[in-house]
Amino acid sequence: MCGIVGYIGNKNSTPILLEGLKKLEYRGYDSAGLAILSDGEISIVRRKGHLEELERAVKESNPEGWVGIGHTRWATHGRPSEMNAHPHIDCTGRIALVHNGIIENFFGLREELESRGHTFHSETDTEVLVHLIEENYRGDLAEAARQSLKRVEGSFAIVVICKDEPDVVVAARKDSPLVVGLGKGEYFVASDIPAILGHTRDVLILKDGEIAKVNQDGVKITTLGNQPVDREVFRVKWGAEAAEKGGYEDFMLKEIFEQPVAIRETLRGRIGADCRISLDEVALTEEEIKNLKKVFMVACGTSYHAGLMGKRIIEKWARLPVETDISSEFRYQDPLVDSDTLVIAITQSGETADTLAGIREAKRKGARVMAITNVVGSSVTREADGVFYTHAGPEIGVAATKTLVAQMAALYVLALYLARARETLSLEEMEKIVAEVLRLPELTEKVLSNHAEIEGCARKYHARSNFLFLGRGMGLPVALEGALKLKEISYIHAEGCPAGEMKHGPIALIDGDVPVVVVATRGQVHEKVTSNIQEVRARGATVITVANEGDEEIAKLADHVFCVPETSEFLSPILAVIPLQLFAYYVAKLRGCNVDQPRNLAKSVTVE
Ligand code: F6R
């Protein structure tokens, strides 16, 4: 995820663009840049690091002009560096472009463009766009952009300027957000409304597959197929802070609702309906995968729960023994790892001190180390042999939500990749699983649409002091995560426990005041979980379940059911966890807690 801005008007664009980027920094902050058009020339300033670095550089060179574009980056292709920072420029220095999204077919396009003599200056996927526009440019920037975008697969929001048309800014989008702000004799383009709210509340919201040509006379929107579009002006009624949250009350809620996109982006380009699994990031040859004797997953907190789920699917699909350990335990237990072991560090921030220490220990013992992380350029990416990036976008809420489902999606891809190399799944089995994995974003949307029911249930129980969460098999990591979410943001004591262990102790906690949340989606142990529900009911507990749509038996037994669509047992956790995130969120809100910044917690835990 990146933030992009553009300006055309009667003022100096530089401070306006910088102010817009500041508001978009939540979308990425590993490098930033501006391109300012003035006196028929484009001046580019780019810096690695936070926006302050760019501001400092701009103070020195002081570019001024009434047309410009800007970018704040969250790296996907190519490390954070000045060279990879946007705007990118074509071979002739006439055209400058900023981009948010991923160009999936960039590799082939780059080879093609290089063979025709284009020189590339960055490692990014984006740069192909500016060279394509250069090739298609015949005096009409919007038309050149339209032709070029036809060649592109993936997602994009772009803003582009050309020194031969100094009074035009062109913007286009597909699967990445973009709005055009309407001022008096001036126009603003941005990834998100907050970037322009200081100047105007009137915006045109571009839809997928649309292109806008903006000049001093107004905004002309057409489809990429060149059909005219008549877009109504949207008047923003909320304030800047609420707008940054996209109209949601809190970042956590926004991020919960972004989960379909987080899953889609993480799967994008890595798994195809034809069972093609692309995962060069693993940095292991097929032979090495065949020779692996063991996998160890190390992680903390929510990422550890992703690891518990990952253990079950890798063992099931790739038939490899997997141990999942909490990083702070792993590092001190003299772990039995060697060169035949793959150690996978799961860490959304890439900065968790215990996880980093864990992989150092594993490397010292000769293991191959791979990281699953959401943050490009984070510490873990420098220490691991291979890096698998999740594409959830920056997570601002301290409680992990969308990064968890992205980790789970990544683990599905990885498990299938290992299974294919080890030939442990038939083509038929593989096809079935892949088809289900590809449906996950859509199913996730369905789960989210039940939010009102979950809120209603939270209203009933938010004043309780203790909760018990139960699950078995694939449901256990979900139960543990449900309990963690509830305790960390609502400060209610919540315990997660394997349902089968209840009779060995935790059942003593049960009385009419302790709601028991049971993950009861269908699968191998469904009957056993049903018996566990009977056991807690017999002791007077209120039972809240996460169950599949149409499961009448569970519906009869439970006081409340959070329904999720039926899917294969091994994919069910990614759906089942979402109602529990929402439940924790609503309970915490009803108790007046600050869900985005719970007490005593931090987004990345860089101390032991
Ligand atoms: C819980 C939460 C934490 C993190 C843990 C690991 O909502 O966010 O439990 O999961 O601190 O963080 P990462 O994944 O950054 O290593």
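The following paragraphs examine the structure supplied in this document. Since the structure is predicted, the reported quantities are computational estimates derived from the model, not experimental observations. The residue numbers shown here count from 1 along each chain, following its written sequence. In keeping with the predicted nature of the model, local features appear solely for residues at pLDDT of at least 70, side-chain atom pairs appear and are counted solely at 80 or more, and the whole-chain, interface and lining totals rest on all residues. Side-chain numbers come from the whole structure's heavy atoms, not from hydrogens or water.

## Comments concerning the site of the ligand
Only a single heavy atom is needed: when it lies within 4 Å of a molecule or strand, its residue is near that molecule or strand. In the vicinity of the ligand there are 14 residues, among which Ser303, Thr347, Ser349, Thr352 and Glu488 approach most closely. Polar contact is defined as a pair of N or O atoms within 3.5 Å, subject to the rule that within protein one atom must be able to donate a hydrogen and the other to accept it, and that residues adjacent in sequence are counted only when both atoms are side-chain atoms. At a separation of 3.1 Å, an oxygen atom of the ligand approaches a polar backbone atom of Thr302. Here an oxygen atom of the ligand sits 2.6 Å away from a polar atom, N or O, in the side chain of Ser303. At 3 residues, the largest contribution of residues to the shell around the ligand is made by helix α10 (residues 301-318). Per the convention used, a helix needs a DSSP run of H or I reaching at least four residues, while a strand needs a run of E reaching at least two, with both numbered from the N terminus.

## Topic: the packing of helix α14 (residues 402-422) against helix α20 (residues 572-590)
Note on definitions: angles span 0 to 180 degrees between N-to-C directions of axes, and those axes are lines fitted to C-alpha atoms, for helices only across the stretch in contact. Their axes nearest at 10 Å, the elements α14 and α20 cross at an angle of 175°. When the interaxial angle is binned, α14 and α20 end up roughly antiparallel. Touching Leu404, Val405, Met408, Ala409 and Tyr412 of α14 are Pro573, Ile574, Val577 and Gln581, all from α20. By the convention adopted, Pro, Cys, Tyr, Trp, Phe, Met, Ile, Leu, Val and Ala count as nonpolar, Lys, Arg, Asp and Glu as charged, and the other residues, Gly among them, as polar. A class-by-class count of the residues in the contact of α14 with α20 yields 8 nonpolar, 1 polar and no charged. Here the word oblique covers every angle except those under 35 degrees (roughly parallel), over 145 (roughly antiparallel) and from 65 to 115 (roughly perpendicular). Contact criterion: two residues are considered in contact whenever any of their non-hydrogen atoms come within 4.5 Å of each other.

## Quick word on the packing of α14 against helix α15 (residues 427-448)
Taken N-terminus to C-terminus, the directions of α14 and α15 make an angle of 165°; their axes are 11 Å apart at the nearest point. Taken as axis vectors, α14 and α15 run roughly antiparallel relative to one another. By crossing handedness, the relation of α14 to α15 is classed as left-handed. Contacts between α14 and α15 pair Tyr412, Leu416 and Arg420 from the former with Met430, Ile433, Val434, Val437 and Leu440 from the latter. If you view the pair so one helix is near and one far, a crossing is left-handed when the near helix is turned anticlockwise from the far one by less than a right angle, and right-handed when it is turned clockwise.

## So, the nonpolar core
Nonpolar cores were defined as sets of buried Ala, Val, Leu, Ile, Met, Phe, Trp, Tyr and Cys residues, with membership established by side-chain atoms within 4.5 Å. In this scheme, a residue with accessible area under 20% of its type's maximum is buried, one over 50% is exposed, and one in between is partly exposed, where area comes from a 1.4 Å probe on protein chains only. If you look at the biggest cluster of nonpolar residues, it comprises 96 residues, and the most contacted ones within it are Trp317 and Leu414. Looking at this core, the element that brings in the most residues is α14, giving 15 residues. When we break this core down by domain, the ones giving at least three residues each are domain 2 (253-438) and domain 3 (446-590). The contact partners of Leu414, leaving out residues within four places of it in the chain, are Leu279, Val282, Ile314, Ile344, Met370 and Phe388. Of all hydrophobic cores here, the second largest spans 28 residues; its members include Ile95, Ala145, Ala172 and Leu224. Source of the domain bounds: an automatic or database domain assignment.

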